[in-house]
Amino acid sequence: MVSSIVKPIVINSDRLLKSIEDLAKIGHLSDGGVCRIAFTPEDLAARNLIQSWMIETGMSVRIDTAGNMIGTYQGKYPQASTLSTGSHIDTVPNGGRYDGAYGVLAGIEVVRVLHEADIRLNHSIEVIVFADEESTMIGSKAMVGKIVNDPNYYTHVDGRDIQTCLEYIGGNWHKIDQARRTNQEMAAFVELHVEQGPVLESMDKKIGVVQGIVGQRRYVITVTGHSSHAGSTPMNMRSDALVAASLIILAVNRIGNTPGQQVATVGKMQVSPNAPNVIPGIVEMSLDIRDLSNEHLDHLMAELIQEIEAIATRTQTQIKLEPCLRNEPAPAASNIQQTIAKICEDFGFSYTYLPSRASHDAQEMANLTDMGMIFVPSIAGISHAQTEYTSPEQCVEGANVLLHTFLRLDQHYSIL
Ligand SMILES: [Zn+2]
C-alpha cells in the first residue's frame, strides 16, 4: 500500500515579512513607529502601494464611495458570494507596523499563494482596506449602512470636511450609501489581527480564536454632595462627593473582578471645586464596562446599581447614572470559530478562545455576514505604540491559519 503525505499549501514567509517591512516605510518615524493617519499623504501613498500589489497579484481593484479599497481575486463562480478579509492600514499618530496592516498584507499574501499555484476557489476572495478605522470607522460602517447623517460628525482632526477627505482617496460622501453591501454578496468576513493585549502571550498560545467583539457600555456618573469648609466641618456632618466616588470606583473594580470575562473601568473623573481646603461637592466620573454577553452586562449593571444606591445612603449623597454609549456585542460565527480551531489542531498550533475587547472593522461586518477573527500574540500586549511587536514566526503562523480558513470556508459555503 502506498501512502502519500500531501504537504499543505503554505504562505511564502519571506514575501509576507518583506511586505510588512515595505509598508512600514510609509509614515515611518525615527523612533521606529509609524504615523499614517487616514486621509493624509502617507495614507494615500500606502493605499497606492497596496493597490499596485493587489493588481500584480491578479486582483481587480475598486474603491467604493466610502473610500474602502476592495481587491477581488475572482473565483470559479463569480456570481457566488465572496469570502472576504481585510483590515486597515491607517494608524494612530504614534502607531506600530502590525495593527491593521498585518491583516491586509496577510490577505494579499493568501491571494499571492493561490495565484502562484494557479488555484481559484469557488468563491471570489476579497481583500478590503477599510477607510479610517482608527478614528471614525467610516469605511466599515458605510458597508453596513451605519453612517451618521451629519457630515460635521466626520470632520478630520486637521479641519478638512469629510467630502474633501473621501475625495482625496477616491470616495464620495454624497454617494456614500452606495458603499452598502448585502449578505447575498458576502458569505463570510474573517479578519486577522494582532491581539493588542497580553492574553495569548501570557498563556503561551500561538493563535487566538476570537469568540466575538465585546459589547461596550459607557456611563457618566454624577455624585452630588455638599461643598463646605475642610477645616470647620466635622467628619460626621459631611456629605463628601469624592468619598462616595471612591467607594463607587472600588465597587466597579470588584464587579470587574467577579468570575467572567468582563472588564470594568472608571477612567475619568472631575472633582468640583477641586481645592485642597474644600470638601468636594460634585464629582463627575466615567464608567466603561465590556463583555461578550448583553445578559451578563445587564446582570452586572443591576448589581452595581444596587451597590451605588447603598453608597448614596451611606455617604448622604445623590448619585445619578446616565448612559452615554452602547455598542452591542458582535459574536463571531460558530462555524468560523470551529474552522479556525480545527486548523490550529491540524497544524499543531496552540490556541485559545478569547473575546476581542478592542474595536475592529470585523465588529461592523458581523452586522452583515458571518464574521470571524484570528488573533496572533502582541509581545507584552503592547499596541498603538512604536514598540508594538509580533515575531516573524507568529506573523507567518497567523497568515497560514487565514489561508486555510479560506480554503475550508470555500467548501463550507454554498456557491448558489
Ligand atoms: Zn486595528
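Calculation notes
Residues numbered from 1 in each chain as written. Predicted model: local features only at pLDDT ≥ 70, side-chain atom pairs only at ≥ 80, totals over all residues. Pairing = 2+ DSSP bridges. Helix = DSSP H or I, 4+ residues; strand = E, 2+ residues; numbered from the N terminus. Core = buried A, V, L, I, M, F, W, Y, C linked by C-beta atoms within 7 Å. Buried ≥ 20, exposed ≤ 12 C-beta atoms within 10 Å, placed from the backbone. Contact = placed C-beta atoms within 7 Å. UniProt positions renumbered as here; feature names shortened; annotations may be inferred. Axes fitted to C-alpha atoms, helices over the stretch in contact; angles between N-to-C directions. Parallel < 35°, antiparallel > 145°, perpendicular 65-115°, else oblique. Left-handed = near helix turned anticlockwise from the far one by under 90°. Nonpolar A, V, L, I, M, F, W, Y, C, P; charged D, E, K, R; others polar.

### Observations concerning the pairing of strand β1 (residues 60-63)
Bridging between β1 and strand β2 (residues 69-73) involves four bridges; their strand directions are antiparallel. Note on β2: the bridge partner recorded for isoleucine 63 is methionine 69. Linking two consecutive strands that pair antiparallel, namely β1 and β2, is a turn of five residues; a positive phi of about 85° is found at glycine 67 within it.

### With respect to the nonpolar core
In terms of nonpolar packing, the biggest core is built from 89 residues, with Val110, Ile374, Ala399 and Leu402 touching the most fellow members. When residues of this core are assigned to their parent elements, the largest contribution, ten residues, is made by helix α3 (residues 101-116). With near-sequence residues (within four places) excluded, valine 110 lies in contact with Ile11, Ala399, Leu402, Leu403 and Phe406. Counting residues in hydrophobic clusters, the runner-up holds 24 residues, among them Tyr219, Ala264, Ile282 and Leu287.

### Quick notes on the environment of glutamine 184
Secondary-structure assignment places glutamine 184 in the loop between α5 (162-168) and β5 (186-194). When the C-alpha atoms of glutamine 184 and aspartate 90 are compared, they prove to be 29 Å apart, with 94 residues separating the residues in sequence.

### Regarding unusual backbone geometry
Negative phi characterises most residues that are not glycine, and trans characterises most peptide bonds. Between serine 272 and the following residue, proline 273, the backbone shows a cis peptide bond with an omega angle of 5°. One can find proline 273 in the loop between β9 (269-272) and β10 (282-291). Positive phi, close to 45°, is recorded for aspartate 132, a residue that is not glycine. Overall, the presence of 26 C-beta atoms within 10 Å leaves aspartate 132 in the buried class.

### Here we look at the UniProt feature "domain: Peptidase M20 dimerisation" (unreviewed entry) in the chain
Taking the numbering used here, the UniProt-annotated feature "domain: Peptidase M20 dimerisation" (unreviewed entry) corresponds to residues 215-312. Split by type, residues 215-312 is 36% helix and 28% strand. Its first and last C-alpha atoms lie 28 Å apart.

### Let's talk about the packing of helix α1 (residues 13-24) against helix α11 (residues 392-412)
Look at α1 against α11: their axes get within 10 Å of each other, and the N-to-C directions meet at 110°. The angle between α1 and α11 places the two elements in the roughly perpendicular class. In the crossing of α1 with α11, the sense of the turn from one axis to the other is right-handed. On α11, the residues touching Ser13, Leu16, Leu17 and Ile20 of α1 are Pro392, Cys395, Val396 and Ala399. Per-class residue counts for the contact of α1 with α11 are seven nonpolar, one polar and no charged.

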